[in-house]
Amino acid sequence: MSTKVTVELQRMAHAQGLPLPAYQTTEAAGLDLMAAVPDGEPVTLAPGQYALVPTGLAIALPAGHEAQVRPRSGLAAKHGVTVLNSPGTIDADYRGEIKVILINHGAVPFVIQRGERIAQMVIAPVVQAALVPVAELPATDRAAGGFGSTGR
Ligand SMILES: O=c1ccn([C@H]2C[C@H](O)[C@@H](COP(=O)(O)OP(=O)(O)OP(=O)(O)O)O2)c(=O)[nH]1
C-alpha cells in the first residue's frame, strides 16, 4: 500500500466549484489537476502553441517533498498535448498558484474547458545533495562513456 503524507491545500477564488484533485484509482500515483480557466472562456492552444494554465490551487508540502507536474498519457496519445517542462517541480516552500505549462504538439487546435483534467501531480520525496568539490572522481568501468556508448 502506498504511504500517505498530509498536504495542506488552498483553493483560490477561481477554483471554487471545481472538485478537489483526486486519485482516480486505489493505487494511482498522480492526483489529476484541473484547469481553473473561467467558465465559458476556454483556452485554445493552436498547434505548436503553449500556455500557462491556472489550477487555482496552492499547497504546502511537508519539508523533504516535492510535487511533480506530469502529463496525462491520454491527452498526449490522443491529442499530442503534454506538459512542456515535464516534470514541472513544485518546491516544498512554494506557496503560489500551481500552474501547468501545456503545449499542443498535435495537428489541430486543442480547447481547454474549465474543469478539464490537464495534468497529474505526483508527490515524491526529495534528497538534497551536500556538494563536495574534489580534484578527481572515483574511477569506474564506464568512466566517461555515455550517450549510446553501449550501442543501440
Ligand atoms: O510546472 C510548474 C513548475 C513550477 N511551478 C511553480 C512551483 C515552483 O516551486 C516554482 C518555481 O519553479 P522552478 O524552480 O521550476 O522555476 P524557475 O524558473 O527556476 O523559477 P524560480 O527562480 O522562481 O525558482 O514555480 C509551477 O507552478 N508549475
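Procedures and definitions
- Residues numbered from 1 in each chain as written.
- Predicted model: local features only at pLDDT ≥ 70, side-chain atom pairs only at ≥ 80, totals over all residues.
- Heavy atoms only, no water.
- UniProt positions renumbered as here; feature names shortened; annotations may be inferred.
- Helix = DSSP H or I, 4+ residues; strand = E, 2+ residues; numbered from the N terminus.
- Buried < 20%, exposed > 50% of the residue type's maximum accessible area, 1.4 Å probe, protein only.
- Contact = heavy atoms within 4.5 Å.
- Salt bridge = Lys/Arg side-chain N within 4 Å of Asp/Glu carboxyl O.

Trainee: Please explain the UniProt feature "binding site: substrate" (unreviewed entry) in the chain as it appears in this structure.
Mentor: Mapped onto the present numbering, the UniProt feature "binding site: substrate" (unreviewed entry) falls on R72, S73, G74, N85, T89, I90 and D91. Spanning 20 residues, the annotated positions stay apart in the fold, the maximum distance between their C-alpha atoms being 26.2 Å. Summarising the element assignment, R72 is placed in the loop between β6 (65-70) and α1 (73-79). Assessed through its relative accessible area of 22%, R72 is described here as partly exposed. Apart from residues lying up to four places away in sequence, R72 is in contact with D32, R117, I118, A119 and Q120. Within the element layout of this structure, T89 appears in strand β8 (residues 88-90). If we skip the residues at most four places from it in the chain, T89 touches E66 and A67.

Trainee: Just to check I follow, could you spell out the pattern of salt bridges for this structure?
Mentor: Opposite charge on two side chains makes pairing possible when the charged atoms of those side chains draw close. Inspection of the entire model under this criterion finds 2 salt bridges. Here D32 ties to R72 by a salt bridge, and the two come within 4.0 Å at their closest N and O atoms. One end of the pair, D32, is in strand β2 (residues 31-34); the other, R72, is in the loop between β6 and α1, and 40 residues separate them in sequence. The class of D32 is buried, set by a relative accessible area of 6%. Here R117 makes a salt bridge to D32, at a shortest N to O gap of 2.6 Å. Placement of R117 in strand β11 (residues 117-125) and of D32 in strand β2 is noted, with a sequence separation of 85 residues between them. Overlapping salt bridges bring together D32, R72 and R117 as one network.

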